[in-house]
Amino acid sequence: MKTLEKLFAEKLLKIKAIKLQPANPFTWASGWKSPFYCDNRKTLSYPSLRNFVKIEIARVILERFGQVDAIAGVATGAIPQGALVADLLNLPFVYVRSTPKEHGLENLIEGELRPGMRVVVIEDLVSTGGSSLKAVEAIRRDGCDVIGMVAAFTYGFAVADKAFKEAKVPLVTLTNYESVLEVSLKTGYIQESDVEILDEWRKSPADWDAK
Ligand SMILES: O=P(O)(O)OC[C@H]1O[C@H](OP(=O)(O)OP(=O)(O)O)[C@H](O)[C@@H]1O
Ligand SMILES: O=C(O)c1cc(=O)[nH]c(=O)[nH]1
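Residues numbered from 1 in each chain as written. Chains lettered and ligands numbered in written order. Predicted model: local features only at pLDDT ≥ 70, side-chain atom pairs only at ≥ 80, totals over all residues. Heavy atoms only, no water.

With that settled, the discussion passes to the packing of aromatic side chains. Inspection of every chain in the model, using the stated rule, returns 16 aromatic pairs. For the ring pair Y155 and W201, a centre distance of 6.1 Å and an interplane angle of 85 degrees mean the geometry is edge-to-face. Residue Y155 is found in the loop between β9 (145–154) and α5 (158–166), and its partner W201 is found in helix α7 (residues 192–203); the two are separated by 46 residues along the sequence. Given the relative accessible area of 0%, W201 is considered buried. Both rings, one in Y177 and one in W201, keep their centres 5.6 Å apart while their planes meet at 70 degrees; by these two values the pair is edge-to-face. Residue Y177 is located in helix α6 (residues 177–186), and its partner W201 is located in helix α7; the two are separated by 24 residues in the primary sequence. (Phe/Tyr/Trp six-rings, centres within 6.5 Å; stacked < 30°, edge-to-face > 60°. Helix = DSSP H or I, 4+ residues; strand = E, 2+ residues; numbered from the N terminus. Buried < 20%, exposed > 50% of the residue type's maximum accessible area, 1.4 Å probe, protein only.)

A few words on α6. Along α6, the residues classified as buried are Y177, S179, V180, L181, V183 and S184. In the core, the buried residues of α6 are packed alongside α1 (4–14), β1 (18–20), β4 (36–38), β9, β10 (171–176) and α7. One or two residues past the end of α6 sits G188, with phi positive at roughly 80 degrees. (Contact = heavy atoms within 4.5 Å.)

By secondary structure assignment, the location of G143 is in the loop between α4 (130–141) and β9. Judged by its relative accessible area of 38%, G143 is partly exposed. Sequence separation between G143 and R114 is 29 residues; the distance between their C-alpha atoms is 7.4 Å. Contacts of G143, omitting those with residues within four sequence positions, involve P115 and G116.

Now for the site of ligand 2. With respect to spatial proximity, the complete set of residues near ligand 2 consists of W28, A29, Y37, C38, R41, L125, S127 and Y155. Separating a nitrogen atom of ligand 2 from a backbone N or O atom of C38 is a distance of 2.8 Å. At 2.8 Å, a side-chain N or O of R41 approaches an oxygen atom of ligand 2. Notes on ligand 2: free accessible area 290 Å², of which the protein chains cover 92%. Judged by the proximity of its atoms to the pocket grid, ligand 2 belongs to the largest pocket. Partitioning the shell around ligand 2 into residue classes produces 6 nonpolar, 1 polar and 1 charged. (Near = heavy atom within 4 Å. Polar contact = N/O pair within 3.5 Å; in protein donor to acceptor, adjacent residues only side chain to side chain. Areas by Shrake-Rupley, 256 points an atom, 1.4 Å probe, with all protein chains shown as cover. 1 Å grid on protein atoms, 1.4 Å probe; cavity = no way out; pocket = protein on both sides within 12 Å on 5 of 7 lines; lining within 4 Å. Sits in = over half its atoms within 2 Å of the grid points. Nonpolar A, V, L, I, M, F, W, Y, C, P; charged D, E, K, R; others polar.)

Time to look at the site of ligand 1. The local shell around ligand 1 holds 15 residues, among which T76, D124, T128, G129 and S131 are the closest. Within the side chain of R41, a nitrogen or oxygen atom sits 2.9 Å from an oxygen atom of ligand 1. Separating an oxygen atom of ligand 1 from a side-chain N or O atom of T76 is a distance of 2.5 Å. Protein coverage of the free-state accessible area of ligand 1, which is 500 Å², stands at 80%. Most atoms of ligand 1, that is more than half of them, are within 2 Å of grid points of the largest pocket. For the shell around ligand 1, the secondary structure elements donating two or more residues are β8 (118–126) and α4. Per-element accounting of the shell around ligand 1 gives the leading share, 4 residues, to β8. The residue inventory of the shell around ligand 1, partitioned by class, reads 4 nonpolar, 8 polar and 3 charged.

As a further point, take the sheet that holds β9. Pairing within the open sheet is mixed, and its 6 strands lie in the order β7-β6-β5-β8-β9-β10. Every interior strand has two partners, whereas the edge strands, β7 (109–110) and β10, have only one. Judged from the 8 bridges that link them, β8 and β9 form a sheet pairing that is parallel. Looking at β9, one finds that V126 is bridged to T154. Sheet strands in contact with α1 are β9 and β10, and its direction is about 55 degrees off that of β10. (Pairing = 2+ DSSP bridges. Axes fitted to C-alpha atoms, helices over the stretch in contact; angles between N-to-C directions.)

This is the structure we're talking about:
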């Protein structure tokens, strides 16, 4: 039987959510340059895939986190998926902006949390983990207990693993870079020559730039 990681990797490849562009690198939220990009947002445009992601995230939450009082989505990527999951589980939903809104109520967290709530954070993708853990800090500042995070995809970088460990946030993901790479190669989505470039990038992702 296929693992969830491989199955979801296949689905991401099928909708071309994975992009490889070594000659024209992507700039990430962290400022890092990368030949690789995963656009999870595209899953929202495919109802059966959107449903798959929703059900799998909800299943992880039920299996791993016991009592949960609220779901939080990290803006903007995880707002829609987080709201779908919260709806399925019939739980309150909030989302956390990257910076406070500059007008109106100037909120960082939109929606309502009450101190003591046990919150699971939903993220679409983890690279350095910076965006995700900033959201965790904001929720903790509101007096809530962040009991874990579920993300659709992680690169599995050491810097992120360390940051999640230090922040004491258990992270569960539906798939990851290794699985996507393996399935990409097996299905001919990428070639061996691409893997050489990607391996070079993975050695030092914070400093990599197209040669
Ligand atoms: O782990 P990190 O290094 O913080 O990077 C991952 C973050 O980057 C992306 O968000 P982005 O800010 O690009 O935009 P979006 O969510 O608004 O699409 C993604 O959705 C994560 O939140
Ligand atoms: O780090 C990021 O900004 C990032 C990487 C990636 O592959 N996909 C994405 O949406 N954001």
